[in-house]
Amino acid sequence: MRTPWTSAVPIVAVFAWASCALAVAHARADESAARELLRMKELIQTGDIWIVPEETQLRRRMESLPGARREYFAARRSMRQLRETLTALRSQSQQTRAAIDQGERQRLRNGLGALAVQTIEKRLEQLRRQASEQAGKLERLDAADETSELAKAALRLHKARLELMNQLLWCRRLHAAIGTRYEALRNDPQVMQAIDRLGGEARLGPIEPLDIVGRRLARFEEEVLTGAVPLIQRGTQYSFAARLGDVAATFSYSGPDGESVVTPSLLKSAGIGVPDGAEQVTVHIDERRIPAQRITLDSVRVGTHELRDVPALAVGPEGEDLGARLGGSAFEHYRVELDGPGLLLRLSTRLAP
């Protein structure tokens with residue numbers, strides 16, 4: 001016959017097991033609900049870390065930066081080598097022309113014997129061939145010719161720089177958006193309670209501290225936003241990469257008396273609208289009458305310099321083919337130096353009178 005206490009042992013064990021199983025089920029249900037809430041907040045689980053989707057996008061963008069940087073550096077190195085070659089050729093050409101002039105003067109001296117004259121003429125013939133070869137090489141490097149080696153290298157550098165600048169701008173926008181998202185999420189009690197219910201090592205992102213990411217971006221920016229800005233030349237017109245709003249684009253220099261111009265496509269890409277009530281005008285540009293509106297651009301970044309409050313003409317669709325331009329009023333506080341042979345734009349702050 002069983003005693004009461006011996007029959008109660010299995011019942012206690014069953015109740016303990018059931019209680020434990022119920023607690024585990026509740027915990028799992030609680031964790032499942034927490035995960036569901038975090039997914040509803042558009043968070044993605046990466047290991048124990050819950051991150052915003054933009055962080056994945058930023059990581060992919062950051063991974064592409066070294067490749068864009070290598071192309072930019074390769075193009076810059078190629079351009080530098082061509083500039084050095086061009087400088088050396090110009091020096092050699094000058095020396096050759098000076099030697100020819102000297103030979104011509106020697107040949108005209110009185111009292112020279114036939115052998116001496118023959119020797120001088122032979123030397124002059126060699127120098128003229130050399131001068132012709134040097135002139136041919138200089139012509140192939142001439143930046144004013146769009147088919148020249150220097151023009152092609154300058155265009156490659158311009159495109160590589162523009163690509164890297166735009167990738168960095170994309171990263172900066174994502175970086176700012178991520179910071180805003182995480183700040184809002186940390187102030188959301190539901191999100192933080194859900195993270196706490198997951199326990200263990202669970203935490204809210206970012207995976208990498210945003211200040212560290214920001215410093216990495218700054219190092220890339222220092223390499224591309226240089227004091228001397230590379231130029232490309234088309235005929236007599238010089239162009240360069242500059243930043244307007246959220247985009248880097250090609251701007252032409254329209255000269256000290258020229259107007260600054262922005263096209264509809266550039267304004268759209270830059271996220272800039274024409275204010276209501278902007279003055280409507282008709283302007284003469286490149287011997288054409290173009291309808292436009294007068295606006296002020298808050299900021300245009302050219303290399304290390306930021307041009308503030310730039311007066312500009314926002315042209316209509318008819319002026320799209322004019323392209324973006326910066327004129328003298330944009331550089332009101334700067335002295336503009338266009339180095340045509342070296343294809344570089346340099347700005348220096350004007351001293352107050």
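Note that the structure is predicted; figures quoted are calculated from it, not measured.

A.B. asks: Explain the overall build of the chain to me, please; I cannot follow it from the model alone.
C.D. replies: Of regular secondary structure, the chain possesses 7 helices and 14 strands. Here the chain holds 353 residues, and the buried ones make up 39% of them. Summing over all exposed atoms, the chain offers an accessible surface of approximately 20,700 Å²; the carbon and sulfur share of this is 52%.

A.B. asks: Explain the packing of aromatic side chains here, please?
C.D. replies: The geometry of two aromatic rings is summed up by the distance between their centres and the angle between their planes. Per the stated rule, a full pass over the model turns up 2 aromatic pairs. Ring geometry for Y72 versus F73: centroids 5.7 Å apart, planes at 40°, classification tilted. Between Y253 and F331, the aromatic rings sit 5.8 Å apart at their centres with planes inclined by 75°, giving edge-to-face as the arrangement. Pair noted here: Y253 is in strand β7 (residues 247-253) and F331 is in the loop between β12 (324-326) and β13 (334-339), with a separation of 78 residues, a long-range link. Like F331, Y253 is buried. The cationic tip of R61 hangs over the ring face of W170; the distance from NZ or CZ to the ring centre is 4.3 Å.

A.B. asks: Could you clarify how one ought to interpret the sheet that holds strand β14 (residues 344-349) in this entry?
C.D. replies: Within a sheet, each strand pairs with its neighbour through backbone hydrogen bonds, oriented either parallel or antiparallel. A sheet is described by the order of its strands in space; here 3 strands give the open sequence β4-β14-β13, paired in antiparallel fashion. Of all strands in the sheet, those with a lone pairing partner are β4 (228-230) and β13, marking the two edges. Strand-to-strand twist in this sheet, taken as the mean axis angle between neighbours without regard to direction, amounts to 25°. Sheet topology places β13 next to β14; 6 bridges connect them, and they run antiparallel. The partner of D339 across the bridge, within β14, is L344.

A.B. asks: Hey, could you run me through the packing of helix α4 (residues 149-186) against helix α6 (residues 210-224) in this one?
C.D. replies: It is at 10 Å that the axes of α4 and α6 come closest, and there the two elements cross at 160°. Here α6 runs roughly antiparallel to α4, going by the angle between their axes. Along this stretch, α4 crosses α6, giving a crossing that reads as left-handed. Every residue of α6 that contacts α4 at R161, L164, M165, L168, C171, R172, H175, I178 and G179 is listed here: L210, V213, G214, L217, A218, F220, E221 and V224. Here the contact of α4 with α6 is composed, by residue class, of 11 nonpolar, 3 polar and 3 charged.

A.B. asks: I would appreciate a short explanation of the confidence of the model for the chain in the present structure.
C.D. replies: Should pLDDT be low for a region, the predicted coordinates there are not to be read in detail. Here the chain shows a mean pLDDT of 88. Residues at 70 or above account for 90%. Per-residue pLDDT stays below 50 along residues 21-25; that stretch engages in 0 contacts with residues further than four places along the chain or on separate chains.

A.B. asks: Quick question: what am I supposed to make of the nonpolar core here?
C.D. replies: Across soluble globular proteins, nonpolar side chains have a tendency to be buried as a group. Among the nonpolar cores identified, the biggest contains 81 residues, and F240, V302 and L326 are the most heavily contacted of them. In terms of residue count, the dominant contributor to this core is α4 (15 residues). Formed by 9 residues, the second largest nonpolar core is a distinct cluster that contains V261, V281, I290 and A292.

A.B. asks: Honestly, helix α3 (residues 114-141) in this entry has me stumped. Any pointers?
C.D. replies: Between the first and last C-alpha of α3 there are 41 Å, a value that for 28 residues agrees with the 40 Å anticipated at 1.5 Å per step. Those residues of α3 that sit buried are I120, L124, L127, A131, Q134, L138 and L141. In this fold, the buried residues of α3 make contact with α2 (53-107) and α4.

A.B. asks: Honestly, the sheet that holds strand β3 (residues 203-204) in this entry has me stumped. Any pointers?
C.D. replies: Spatial strand order, β1-β2-β3: 3 strands in an open sheet with mixed pairing. One side of each edge strand has no neighbouring strand; the edge strands of this open sheet are β1 (44-46) and β3. Of the pairings in the sheet, the one linking strand β2 (residues 49-51) to β3 comprises 2 bridges and is parallel in character. Bridge pairing in β3 links I49 to R203.

The rules behind each value
- Residues numbered from 1 in each chain as written.
- Predicted model: local features only at pLDDT ≥ 70, side-chain atom pairs only at ≥ 80, totals over all residues.
- Heavy atoms only, no water.
- Helix = DSSP H or I, 4+ residues; strand = E, 2+ residues; numbered from the N terminus.
- Buried < 20%, exposed > 50% of the residue type's maximum accessible area, 1.4 Å probe, protein only.
- Areas by Shrake-Rupley, 256 points an atom, 1.4 Å probe, with all protein chains shown as cover.
- Phe/Tyr/Trp six-rings, centres within 6.5 Å; stacked < 30°, edge-to-face > 60°.
- Lys NZ or Arg CZ within 6 Å of the ring centre and 35° of its normal.
- Pairing = 2+ DSSP bridges.
- Axes fitted to C-alpha atoms, helices over the stretch in contact; angles between N-to-C directions.
- Parallel < 35°, antiparallel > 145°, perpendicular 65-115°, else oblique.
- Left-handed = near helix turned anticlockwise from the far one by under 90°.
- Contact = heavy atoms within 4.5 Å.
- Nonpolar A, V, L, I, M, F, W, Y, C, P; charged D, E, K, R; others polar.
- pLDDT = per-residue confidence, 0-100.
- Core = buried A, V, L, I, M, F, W, Y, C linked by side-chain atoms within 4.5 Å.
- Expected span 1.5 Å × (residues − 1).

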